Amino acid sequence: EYGLERPRGYTVSFHYNPHVEYHHFGSSHPMKPWRLTLTKQLVLAYGLEYTMDLYTPRPASFDEMALFHDRDYLSFLQQITPQNMHRQEDILERYSFGGESNDCPVFEGLWNYVSLYSGASMHAAQNLLNHQSDIAINWSGGLHHAKKGAASGFCYVNDIVLAIQHLLTQHQRVLYIDIDVHHGDGVEAAFESTDRVFTLSYHKFGQDRFTSWPFFPGTGDITDTGPSDPTNRGKAHALNIPLEDGIDDDQYKWLFKTVTGAVVDKYQPTAIVLQSGADSLGGDRLGRFNLNIKAHGFCVETVKNYGRPLLLIGGGGYTPRNVARTWCHETAVCVGASLHNDLPTHIPYIMAFQGEENGGGILYPELHNTKRHENNNTTQKLNKIVERAMESLRYLEG
Ligand code: ZL4
Ligand code: CA
Ligand code: ZN
C-alpha cells in the first residue's frame, strides 16, 4: 500500500525495548515515556518495520553502566524507591534528586527504566561496530544531561556517553551532534579531555523570557570550546551554537548545514552520534524554537548523507504527538522512504492525532504558526555565530 521496498545502500536497525513505555515520571512531569508508544505506533502504521532490522535489546547491566558512572551513584539508583526515599534525604541531595526541583523524581521502576534505555543505546552502538547496520536508531535514549555521579534535567544515566565509549573501542574519532533545544552538557563534560570525541550542540542560550532565569542548563555559550589549558587534548574539541527564541526553518537549516559541514570536513569523524531531541520543534511545551518537522528531519538527512556509521538517538520532546511525528519521519528519512501526509487510519492510538486544533489526522502539520515565540535571531547575529564557529575550528590540528 505504501510501496516501501528495502532500499539498497543503507542498512537501518531499530533498537527498542517496549518496557520503557510503562514508566511514569509523575502525572504533571513534562517527560512522558509514552511518547515512545506513539512513535512506535506511527512507525508500524506506515509499514516502516519492513524496511529495517528490529531488535529488542536487553537492559544494560550495572557493570556496563559503571563504564562511565560512579559505582556509588549506581548503587543508589538501584535501591532508591518512592517508598524508601524519605529516609535518605541527604543522599538524594548528594545525587541532585528531589528537593525543590522536581526535574529528576524517584519513580517506580527507575532502575529498570535507566537500564532499558541505556541497553538500547549500547546495543545500537554494537550493531555499528559489527557492521550489521549503517544507521542504528534508539528513540528511547539521548539523555544528555546525566553526569558521572549525579542526575540532571530528567536524565539519570548518560546512555550517549556509554554508547560513544563503546564506539571508541574501534573508532578513532567520534563526532557527537545535538539538536535538542537544551545544551548537551553531560556529553561535552564527559569527553572534555580527549581529542577522540568532538561535541557540537545547537541550543537556546541566555535569559528566558518566561522565567527570567538562564535557560537550562545555562552553559554552552559560543566561547565554550572545551578546556582552555593548551596542554589539554580536549582543547577546541567542543563547539556550541547559542541561539535565541523563535529560530525558523530556513535559518536553522542554513546554520546546521554550514557549521556541521565545516566540522565534518575538518574533524573527519569515523562515526557520528546524532541526538535528535524533538523539543526544538515549534509548539513544544518546554522549547523556544519554531522548527517544523521537515526542517528537523533535514538535520538527520544531512548527517545521513555524510555516509559515516550513524547512531541516531532521541532526547527531549514534550508535545508527545509531534515527537512521534518527527521521529517517525526521521526513521523514514534513514531508510529513504517518503510518507503520505494523511495518517494511516489503522493506528491504535489514532485518537491522539485527531481533533487537534492544528494538524488533526496528518503527519506534517505546520508547527511554525503556533506563534508562541517571536524570532529574535537576526541574520546579523547568525552570521556572527558562524564566523566565530569557523574561527574556533581553525584551532583544530590537521
Ligand atoms: C517539571 O510540572 O529549569 C517537573 C519540570 C515536574 C511536576 C510538578 C512539580 C512542580 C517544568 C519542568 C515544580 C516543578 C519545578 N513537574 C521545576 C531550574 C528548575 C528547577 C525545577 O530535553 N523546576 C530547573 C530541565 C529544566 C530547570 C530541562 C531538559 C531535558 C532534555 C533532555 C531538562 N530545569 C526550574 C524548573 C512539572 C515540571 C514543569 C522543567 N524543568 C522545565 N525545564 C526544566 O534536554 C531529555
Ligand atoms: Ca542541543
Ligand atoms: Zn531538551
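Higher on the page you've got the structure.
Residues numbered from 1 in each chain as written. Chains lettered and ligands numbered in written order. Predicted model: local features only at pLDDT ≥ 70, side-chain atom pairs only at ≥ 80, totals over all residues. Heavy atoms only, no water.

**A closer look at the site of ligand 1**
Basically, it comes down to this: Summary of the distance rule: residues count as near a molecule or strand when at least one heavy atom falls within 4 Å of that molecule or strand. Two N or O atoms count as a polar contact when they lie within 3.5 Å, although within protein this holds only if one can serve as hydrogen donor and the other as acceptor, and sequence-adjacent residues are included solely when both atoms are side-chain atoms. Per-residue and other accessible areas follow the Shrake-Rupley method at a 1.4 Å probe size, with only the shown protein chains counted as cover for residues. Residues are sorted three ways: Asp, Glu, Lys and Arg are charged, Ala, Val, Leu, Ile, Met, Phe, Trp, Tyr, Cys and Pro are nonpolar, and all the rest, Gly among them, are polar.
Lining the immediate environment of ligand 1, one finds 22 residues, of which Asp103, His144, His145, Asp279 and Tyr318 sit closest. Within the side chain of Asp103, one N or O atom sits 2.6 Å away from a nitrogen atom of ligand 1. Between an oxygen atom of ligand 1 and a side-chain N or O atom of Tyr318, the distance comes to 2.5 Å. Relative to its free-state accessible area of 840 Å², ligand 1 is covered by the protein chains to the extent of 70%. Here the shell around ligand 1 is composed, by residue class, of 8 nonpolar, 10 polar and 4 charged.

**Quick word on the coordination of the calcium ion (ligand 2)**
Condition: Coordinating donors are taken to be N, O and S atoms lying within 2.8 Å of the metal, or within 3.2 Å when the metal is Na, K or Ca; because water is excluded from the atom set, some sites may appear incomplete. Under the classification used here, a metal with four donors is tetrahedral if each angle lies between 85 and 135 degrees, square planar if opposite donors are over 155 degrees apart and the others between 65 and 115, a six-donor metal meeting that same test is octahedral, and anything else is irregular. Strands here mean DSSP runs of E at least two residues long; helices mean DSSP runs of H or I at least four residues long; both are numbered from the N terminus.
Here the calcium ion (ligand 2) is held by Asp178 (O), Asp178 (OD), Asp180 (O), His182 (O), Ser201 (OG) and Tyr202 (O), and the distances to it run 2.5 to 3.0 Å. Every donor counted, the 6 donor atoms about the calcium ion (ligand 2) form angles of 70 to 164° at the centre, which fits irregular coordination. Written as a sequence motif, the donor arrangement for the calcium ion (ligand 2) is D-x1-D-x1-H-x18-S-Y. Highlighted residues: Asp178 in strand E4 (residues 174–178) and Ser201 in strand E5 (residues 197–204), separated in sequence by 23 residues.

**Here we look at the pairing of strand E7 (residues 271–275)**
Put simply, side chains in a regular strand alternate between the two faces of the sheet. Worth spelling out the cut-off: The cut-offs for exposure are 20% and 50% of the maximum accessible area for each residue type, with area from a 1.4 Å probe on protein chains only; residues under the lower value are buried, those over the upper are exposed, and the others partly exposed. Two strands are counted as paired when DSSP detects at least two bridges linking them. By definition, the crossover connecting two strands over a helix is right-handed if that path, from the first strand to the second, turns clockwise as seen with the strands pointing away from the viewer.
Burial of E7 is extensive: 5 of the 5 residues sit out of reach of the surface. Burial along E7 is two-sided: Ala271, Val273 and Gln275 facing one way and Ile272 and Leu274 facing the other are all buried. With 5 bridges connecting them, E4 and E7 associate as parallel partners. Bridged to Leu175 within E7 is Ile272. In this fold, the crossover linking E7 to strand E8 (residues 310–313) by way of helix H9 (residues 293–304) has right-handed handedness.

**Structural notes on helix H5 (residues 110–129)**
Stated precisely, the cut-off is as follows: To estimate the expected span of a helix, subtract one from its residue number and multiply by 1.5 Å.
The terminal C-alpha atoms of H5, which comprises 20 residues, lie 29 Å apart, in line with the 28 Å expected from a rise of 1.5 Å per residue. Burial within H5 is extensive, with 17 of its 20 residues counted as buried. After H5 finishes, the residue His131 shows a positive phi value of roughly 60°.

**Observations regarding the state of the cysteines**
Covalently bonding the sulfur atom of one cysteine to the sulfur atom of another cysteine gives a disulfide. Counted only if it meets this: A pair of sulfur atoms, both from cysteines and within 2.5 Å, is called a disulfide here.
By the definition in use, this model includes 0 disulfides. In this structure Cys104 is a free cysteine whose sulfur lies 7.0 Å from that of Cys155, the closest cysteine sulfur available.

**Here's the deal with the coordination of the zinc ion (ligand 3)**
Surrounding the zinc ion (ligand 3) are the protein donor atoms Asp180 (OD), His182 (ND1) and Asp279 (OD), at 1.9 to 2.1 Å. Read in sequence order, the donor residues for the zinc ion (ligand 3) give the motif D-x1-H-x96-D. Residue Asp180 is found in the loop between E4 and helix H7 (185–190), and its partner Asp279 is found in the loop between E7 and H9; the two are separated by 99 residues along the sequence. Assigned by exposure class, Asp180 and Asp279 land together as buried.

**A short note on the packing of helix H1 (residues 35–45) against helix H10 (residues 320–335)**
Heads up, the rule is: Whenever a helix is involved, its axis is fitted only over the stretch in contact; in every case the axis is a line through C-alpha atoms, and angles between N-to-C directions fall within 0 to 180 degrees. Each angle receives one of four descriptions, namely roughly parallel if under 35 degrees, roughly antiparallel if over 145, roughly perpendicular if within 65 to 115, and oblique otherwise. Definitions for this section: a left-handed crossing has its near helix turned counterclockwise from the far helix by less than a right angle. A right-handed crossing has that turn clockwise. Contact between two residues is taken to exist if any of their heavy atoms lie within 4.5 Å; hydrogens are not considered.
Put simply, H1 and H10 touch, their axes get as near as 8 Å, and they point 40° apart. Overall, the two elements H1 and H10 adopt an arrangement that is oblique. At the point where H1 passes H10, the crossing takes the right-handed sense. Between H1 and H10, the residues in contact are Arg35, Leu36, Leu38, Thr39, Leu42 and Val43 and Pro320, Arg321, Val323, Ala324, Arg325, Trp327, Cys328 and Thr331, respectively.

**Quick look at unusual backbone geometry**
The omega angle of the peptide bond from Phe216 to Pro217 is -5°, so this bond is cis rather than trans. By the element assignment, Pro217 lies in the loop between E5 and strand E6 (238–243). Its identity is not glycine, yet Phe154 carries a phi of approximately 70°, on the positive side. Phi angles above zero are rare outside glycine, and Ala236 is one such case at about 70°. Position of Ala236 relative to the elements: it lies in the loop between E5 and E6.

**Notes on the nonpolar core**
Selection criterion: The set of buried Ala, Val, Leu, Ile, Met, Phe, Trp, Tyr and Cys residues whose side-chain atoms join them within 4.5 Å is what this entry labels a nonpolar core.
Counting residues in hydrophobic clusters, the biggest one holds 73 residues, and the most contacted among them are Leu48, Tyr202 and Ile241. Grouped together as the second largest cluster of nonpolar side chains are 54 residues, Tyr73, Leu74, Met122 and Val197 included.

**A few points about the pairing of strand E3 (residues 135–138)**
A two-sided burial pattern is seen for E3, the buried positions comprising Ile135 and Ile137 on one face and Ala136 and Asn138 on the other. Of the strand pairs in this sheet, strand E1 (residues 12–15) and E3 are connected by 3 bridges, and their pairing is parallel. Along E3, the bridge assignment pairs Ser13 with Ala136. Where E3 and E8 come together, 4 bridges link them in parallel fashion. In the sheet register, Ile137 faces E8, and the bridge partner there is Leu312.

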